[in-house]
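This is what each chain is made of:
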Amino acid sequence: MLNKQQISEVLNTMGDMFPDAHCELNHKNPFELVIAVALSAQCTDVLVNKVTKTLFEKYKTPQDYLDVTLEELQNDIRSIGLFRNKAKNIQKLSDMILTEFNGEVPRTRDELVKLPGVGRKTANVVMSVAFNIPAIAVDTHVERVSKRLGICRWKDSVLEVEQTLMNKVPKEEWGVTHHRLIFFGRYHCKAQRPGCETCPLLDICREGKKRMKVKKAV
């Protein structure tokens, strides 16, 4: 397991590799971000951005999503995976934002996870990106990279990965850490073909060393 100093060095290296690491879901306000993140489950940001480009022109407010039939909304997001369920959740969360939160996206995790289709990861993204509240959202990239590098244990749950990162990374760096880990996992340390040969973190990466040994042995 990496210690705090090693983790700091690892994250700084990721920062050098991806100085512009940021949320890649296009949005203009917290509500649009909630919709975009809800749509992104088991779906790429690229596809979500393609859909929301027209979606956000048609729907500006929670009420707009309630003023159409469920079938119409489903058609508007049909190219997204699980579109039927996501359309239902979007209408339900829109209604809840209007009736329980005075038309405003809530800022706390406890309130955000009450919204249909919004889990802990989504809530953390919204808190961090929309409201600049320190949070680390653990998606597949964050989990994979954290475990490969030895920041966390292989057997750790998603929540344990999040808690480990929160314990080992200064609170004021949680937001940027989330984005750096995602960019590193999305564009370099990929699930199927991680770039171990050219990785500046190879010397410290337990998984990378193992993979390179296997390659040399073949």
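This is a predicted model, so every value here is computed, not measured.

(A) Seen up close, helix α2 (residues 30-39). Buried residues dominate α2, accounting for 9 of its 10 residues. Among the residues of α2, F31, E32, L33, V34, I35, A36, V37, A38 and L39 are the ones counted as buried. The inward-facing, buried residues of α2 abut α3 (45-58), α4 (62-66), α6 (83-100) and α8 (120-131).

(B) The packing of α2 against α8, seen in detail. Put simply, α2 and α8 touch, their axes get as near as 10 Å, and they point 150° apart. In terms of axis orientation, α2 runs roughly antiparallel to α8. When you trace α2 past α8, the crossing you get is right-handed. Taken together, the residues of α8 that come into contact with α2 (itself represented by P30, L33, V34 and V37) are T122, V125, V126, V129, A130 and F131.

(C) Region of interest: the packing of aromatic side chains. One pass over the full model with this rule turns up 5 aromatic pairs. For the pair F18 and Y187, a centre-to-centre distance of 6.4 Å together with 40° between the ring planes defines the contact as tilted. Of this pair, F18 sits in the loop between α1 (4-17) and α2 while Y187 is found in helix α11 (residues 174-187), placing the two residues 169 residues apart along the sequence. Owing to a relative accessible area of 15%, F18 belongs among the buried residues under this scheme. Each ring, one from F31 and one from Y65, has its centre 5.8 Å from the other, and the planes form 70°; the classification is edge-to-face. Of this pair, F31 sits in helix α2 while Y65 sits in helix α4, and the two are 34 residues apart along the sequence. Look at F31 and you get buried, because its relative accessible area is 8%. Using a relative accessible area of 0% as the deciding quantity, one classes Y65 as buried. Feature note: the residues F18, F183 and Y187 constitute an aromatic cluster, connected by ring pairs.

Thresholds applied
- Residues numbered from 1 in each chain as written.
- Predicted model: local features only at pLDDT ≥ 70, side-chain atom pairs only at ≥ 80, totals over all residues.
- Heavy atoms only, no water.
- Buried < 20%, exposed > 50% of the residue type's maximum accessible area, 1.4 Å probe, protein only.
- Helix = DSSP H or I, 4+ residues; strand = E, 2+ residues; numbered from the N terminus.
- Contact = heavy atoms within 4.5 Å.
- Axes fitted to C-alpha atoms, helices over the stretch in contact; angles between N-to-C directions.
- Parallel < 35°, antiparallel > 145°, perpendicular 65-115°, else oblique.
- Left-handed = near helix turned anticlockwise from the far one by under 90°.
- Phe/Tyr/Trp six-rings, centres within 6.5 Å; stacked < 30°, edge-to-face > 60°.

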